[in-house]
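Observations on the model geometry
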Amino acid sequence: MLYVKNLEKSYYIGKTEYPVLKGVNLHVAQGEFVAVMGPSGSGKTTLLNCISCYIPYDRGVITLGGQKLGNMDETSLAKIRNEKLGFVFQDFMLLDGLTIRENILIPRIIKGTVDKDGENLADQLIQLFGIEHIQNKFPAEVSGGERQRTAVARSLMNNPLLLLADEPTGNLDSKSSRNVIESFEDARTQLGATIFMVTHDAFSASFCDRVILLKDGHIYKQLENHSERSIFHSQLLDALKEMSSDD
Ligand SMILES: Nc1ncnc2c1ncn2[C@@H]1O[C@H](COP(=O)(O)OP(=O)(O)OP(=O)(O)O)[C@@H](O)[C@H]1O
């Protein structure tokens, strides 16, 4: 589904090159829920931004659903972002002047049509995420967890091939975080969504099928979840400790 091969990306400040991604290789299968963790500055957001086509990369190949990303004009990139990718950001990015339902419909509005099919999918997502009772309210009138569930529902509006989430639980308390992670799990089990999430939170990551640990622009280790969530959580905490003591 998503393949990243030998991905390299540097930032330049003046003429000085700062390599951030130094040959990253990974694969995310259809229907998988994968987290990326790593120390601050290890390149997690840069990796996500390369996959999102928000920033260009220097070397390597990214393919999504068989289509090679990169080297495309702005119109093609915008089409991929709107039709093949779904995004969930830490600060929700809901529009204050639109209701919860209208916010969920934004990807269809951008596409130019909100037909019966779009309204039906919105109904399905609103029901799936338990936000029927707030659908006609405005973002300022609902809780942080409800705003974040709205953001997850919106990200699924165009049946994206891949849902990308950058610190989706970063600003939330533990109850709301759990709510968001459960909404990802629902999206996966009920809609077959594929989710790629950057997080600092080992608890949130412990719900994933696989966790990729990134360190200094390389994949340090990948852990697969074959056991109970609490056991996987301990394994993750141990691996994170090992990674930080390897300096
Ligand atoms: N636009 C930019 N120009 C120059 N350097 C950048 C730019 N964006 C990020 N960097 C640097 O690249 C490195 C990786 O940044 P990135 O945001 O990918 O890390 P991260 O792992 O997501 O960190 P965090 O966990 O703190 O969000 C950091 O050292 C950062 O300062």
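Below you will find a few notes about this structure. (Residues numbered from 1 in each chain as written. Predicted model: local features only at pLDDT ≥ 70, side-chain atom pairs only at ≥ 80, totals over all residues. Heavy atoms only, no water.)

Some details on the overall build of the chain
Note the cut-off: Only DSSP runs of H or I with at least four residues qualify as helices, and only runs of E with at least two residues qualify as strands; both kinds are numbered from the N terminus onward. Only the C-alpha atoms count toward the radius of gyration. The rule for a globule is 2.2 Å times the residue count to the power 0.38. When a residue's accessible area, from a 1.4 Å probe over protein chains only, is under 20% of the maximum for its type it is buried; when over 50% it is exposed; and in between it is partly exposed. Note on contacts: a residue pair qualifies if any of its non-hydrogen atoms lie within 4.5 Å across the two residues. Residue exposure ignores everything except the shown protein chains as possible cover, and the areas themselves are Shrake-Rupley values with a 1.4 Å probe. Charged-residue counts in this description rest on Lys and Arg as positive and Asp and Glu as negative, His and the chain ends being excluded. Positions of charges follow a simple convention, taking NZ of Lys, CZ of Arg, CG of Asp or CD of Glu.
For the chain, the helix and strand inventory stands at nine helices and ten strands. The C-alpha radius of gyration computed for the chain amounts to 18 Å, which stays within 12% of the reference 18 Å derived for 247 residues, consistent with globular compactness. Projecting the C-alpha coordinates of the chain onto the three principal axes gives extents of approximately 50 × 45 × 35 Å. Expressed as a percentage of its 247 residues, the buried residues of the chain come to 49%. Within the chain, contacts between residues at least 6 apart in sequence are counted, and of these 69% link residues at least 24 apart. About 11600 Å² of surface is accessible on the chain, with carbon and sulfur atoms providing 49% of the total. Mean positive and mean negative side-chain charge positions of the chain (26 and 32 charges, respectively) differ by 3 Å.

Some words on the site of the ligand
Quick note on the threshold: Being near a molecule or strand, for a residue, comes down to having at least one heavy atom within 4 Å of it. Residues adjacent in sequence count toward polar contacts only when both atoms are side-chain atoms; beyond that, a polar contact is any pair of N or O atoms within 3.5 Å, and within protein one must be able to donate a hydrogen and the other to accept it. Side-chain classes are defined by residue name, with Ala, Val, Leu, Ile, Met, Phe, Trp, Tyr, Cys and Pro counting as nonpolar, Asp, Glu, Lys and Arg as charged, and the others, Gly among them, as polar.
Around the ligand, the surrounding shell consists of Tyr-11, Val-20, Pro-39, Ser-40, Gly-41, Ser-42, Gly-43, Lys-44, Thr-45, Thr-46 and His-200. Between an oxygen atom of the ligand and a side-chain N or O atom of Lys-44, the distance comes to 2.7 Å. Examining the composition of the shell around the ligand, we find that three residues originate from one element, helix H1 (residues 44-51), more than from any other. Considered class by class, the residues forming the shell around the ligand number three nonpolar, seven polar and one charged.

Quick notes on the state of the cysteines
As a reminder, the rule being used: Disulfides are defined as pairs of cysteine sulfur atoms found within 2.5 Å of each other.
Within the structure shown, the criterion is met by zero disulfides. This cysteine, Cys-53, is not joined by any disulfide, and Cys-50 carries the nearest cysteine sulfur, 9.3 Å off. With relative accessibility at 9%, the residue Cys-53 sits in the buried group.

Comments concerning the sheet that holds strand S5 (residues 67-69)
Operational definition: Paired strands, as defined in this entry, are two strands with at least two bridges between them according to DSSP. The axes used here are C-alpha line fits, helices contributing only the stretch in contact, and every angle between their N-to-C directions lies in the interval 0 to 180 degrees.
Read from one edge of the open sheet, four strands run S2-S1-S4-S5, paired in antiparallel fashion. The sheet is open, and its two borders are formed by strand S2 (16-28) and S5, each paired with just one other strand. Taken over all neighbouring pairs, the strand axes of this sheet differ in orientation by 35 degrees on average, direction set aside. In this structure, strand S1 (residues 2-13) lies alongside strand S4 (residues 59-64), joined through five bridges in antiparallel fashion. Each bridged residue has a counterpart across the sheet, and for Leu-2 the counterpart in S4 is Leu-64.

Examining the sheet that holds strand S7 (residues 162-166)
Within a sheet, each strand pairs with its neighbour through backbone hydrogen bonds, oriented either parallel or antiparallel. Spatial strand order, S6-S7-S8-S3-S9-S10: six strands in an open sheet with mixed pairing. For this open sheet the edge positions go to strand S6 (85-88) and strand S10 (218-224), each flanked by a neighbour on one side alone. Neighbouring strand axes in the sheet, compared pairwise and without regard to direction, differ in orientation by 20 degrees on average. Where strand S9 (residues 210-215) and S10 come together, six bridges link them in antiparallel fashion. Considered in S10, the bridge of Lys-215 is made with His-218. Along the sheet, H1 makes contact with strand S3 (33-37), S6, S7, strand S8 (195-198) and S9, crossing S7 at roughly 150 degrees.

Section: the packing of aromatic side chains
To keep it simple, the criterion reads: Side-chain rings of Phe, Tyr and Trp, where Trp is taken by its six-membered ring, are said to pair if the distance between their centres is within 6.5 Å; with planes under 30 degrees apart they count as stacked, over 60 as edge-to-face, and otherwise as tilted. For a lysine, the NZ atom is tested; for an arginine, the CZ atom; a charge sits over a ring if that atom is within 6 Å of the ring centre and within 35 degrees of the ring normal.
Within this structure, the stated rule accounts for four aromatic pairs. Ring geometry for Phe-33 and Phe-184: centres 5.7 Å apart, planes at 65 degrees, overall edge-to-face. With Phe-33 in strand S3 and Phe-184 in helix H7 (residues 174-191), the pair connects residues that are 151 residues apart, well separated along the chain. What makes Phe-33 buried here is its relative accessible area of 0%. Judged by its relative accessible area of 0%, Phe-184 is buried. Taken together, the ring pairs connect Tyr-54, Phe-87 and Phe-89 into an aromatic cluster. We note Arg-81 situated over the ring of Tyr-54; from NZ or CZ to the ring centre the distance is 4.6 Å. The ring of Phe-207 has Arg-229 sitting right over it, with the charged end atom 5.1 Å from the ring centre.

Notes on the pattern of salt bridges
Worth spelling out the cut-off: A side-chain nitrogen of Lys or Arg and a carboxyl oxygen of Asp or Glu constitute a salt bridge if their distance falls within 4 Å.
A complete count under the given rule lists ten salt bridges for this structure. One salt bridge connects Asp-117 with Arg-108, and the closest N-O pair in it is separated by 3.5 Å. What makes Asp-117 partly exposed here is its relative accessible area of 48%. Of the charged contacts, one joins Asp-209 and Arg-188 as a salt bridge, the two residues approaching to 2.4 Å between their closest N and O atoms. One end of the pair, Asp-209, is in the loop between helix H8 (202-205) and S9; the other, Arg-188, is in helix H7, and 21 residues separate them in sequence. Residue Asp-209 is classed as partly exposed on the basis of its relative accessible area of 26%.

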